[in-house]
Amino acid sequence: MWLGTFGDLMSLLLTFFVLLLSMATFETKKVDAAIGSLQGALGVLEPGKMTEITPPNPIKATPIEKDSDADNAMNILSSLITEFNELDKMGKGPAIKLEDSEDGFRIEIPSDLLFDSGSDELKSGDGKLLLQRIATIFAKLPPTLAIDVIGHTDNTKIRGGKYADNWELSLGRSLNVASLLRGESGAGDRIRASGKGEVEPVSTNEHPDGRALNRRVELHFYSLDRENKESAKGALEDRKSTRLNSSH
């Protein structure tokens, strides 16, 4: 009984292939390849035909730019930050953060860990030791990496003292942090400093916890190779623009 069902199935399968071939546009080589394929599958067509498999078109993928040096540095420093936060978790105030950025990554260190209120002098303690360890690691990283040290404050007005406003205080703090990193790493040409004052808060200044988050020093790690490429691209565009203007 099963032989009848099996025979019907083979007949239908052969009919299916015949229909496919009848609807196709034939070329001699393609017909020969199809005959060889049917022969191999059913063993009922003329012998001697070889199948031909057309190789697939190569897929060209656009490579994704990835800065492996920055990734490696982030992984190394991530272990350090995690260890420090674990040891300091009983302390008061915000924790140190490590986050991705558009062209690298950044470490956010609460200013209260590094400075006394209204001061730009680095105080001795865990914060200073952390900076020294970061500098030691940075000295061993590839020379294609650089650091921008950026100081931030809350909006509390300065009354008397060394600085006239929060911008000057943030700049003074970033300069002292950069100076320590340069001295400990020996990579002064790859470490820059700037201050933003109170203009880029990450939280509200309406309560003490928010102000503590806003008082911070950011270490922005980025690739010099990418910066050089962008500078070269900008210079090329400027030259093209100059040529177009001169031609008019």
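Check the entry above for the structure.
Residues numbered from 1 in each chain as written. Predicted model: local features only at pLDDT ≥ 70, side-chain atom pairs only at ≥ 80, totals over all residues. Heavy atoms only, no water.

Caption draft 1: Region of interest: the side chain of R173. Within the element layout of this structure, R173 appears in helix α5 (residues 166-185). Here R173 is buried and forms no salt bridge, its nearest opposite-charge partner D112 lying at an N-O distance of 6.0 Å. When neighbours within four sequence positions are excluded, R173 is seen to be in contact with S111, F115, D116, S117, G118, S119 and D120. (Helix = DSSP H or I, 4+ residues; strand = E, 2+ residues; numbered from the N terminus. Buried < 20%, exposed > 50% of the residue type's maximum accessible area, 1.4 Å probe, protein only. Lys, Arg positive; Asp, Glu negative; His and termini not counted. Salt bridge = Lys/Arg side-chain N within 4 Å of Asp/Glu carboxyl O. Contact = heavy atoms within 4.5 Å.)

Caption draft 2: Inspection of the packing of aromatic side chains at higher detail. Counted according to the given criterion, the structure contains two aromatic pairs. Between F105 and F221 the ring centres are 4.7 Å apart and the planes differ by 5°, which places this aromatic pair in the stacked class. Here F221 lies in strand β5 (residues 216-223) and F105 lies in strand β2 (residues 104-110), a separation of 116 residues in the sequence. Considered together, F105 and F221 belong to a single accessibility category, that of buried residues. Taking the relative accessible area as the measure of exposure, F221 reaches 0% and is therefore buried. An aromatic cluster of three or more residues is present, and its members are F105, F138 and F221. (Phe/Tyr/Trp six-rings, centres within 6.5 Å; stacked < 30°, edge-to-face > 60°.)

Caption draft 3: Expanded view of the sheet that holds strand β4 (residues 191-197). What the five strands build is an open sheet, ordered β1-β2-β5-β3-β4; its pairing is mixed. Every interior strand has two partners, whereas the edge strands, β1 (97-101) and β4, have only one. Each strand of the sheet is rotated relative to its neighbour by a mean of 20°, with strand direction disregarded. Taken together, the five bridges between β1 and β2 define a ladder with antiparallel strand orientation. When the sheet's bridge partners are listed, L98 is paired in β2 with I107. Packed on one face of the sheet, helix α4 (residues 126-140) meets β2, β3 (145-152), β4 and β5 and runs near 5° to β5. The strands touched by α5 are β3, β4 and β5; relative to β4, the strand with the most contacts, the crossing angle is about 160°. (Pairing = 2+ DSSP bridges. Axes fitted to C-alpha atoms, helices over the stretch in contact; angles between N-to-C directions.)

Caption draft 4: A look at the pattern of salt bridges. What the rule picks out here adds up to 10 salt bridges. One salt bridge connects E99 with R106, and the closest N-O pair in it is separated by 3.0 Å. You can call R106 partly exposed: its relative accessible area is 23%. A salt bridge links D116 to K123, with the shortest nitrogen-to-oxygen separation between them at 3.7 Å. Overall, the relative accessible area of 45% leaves D116 in the partly exposed class. Overall, the relative accessible area of 28% leaves K123 in the partly exposed class.

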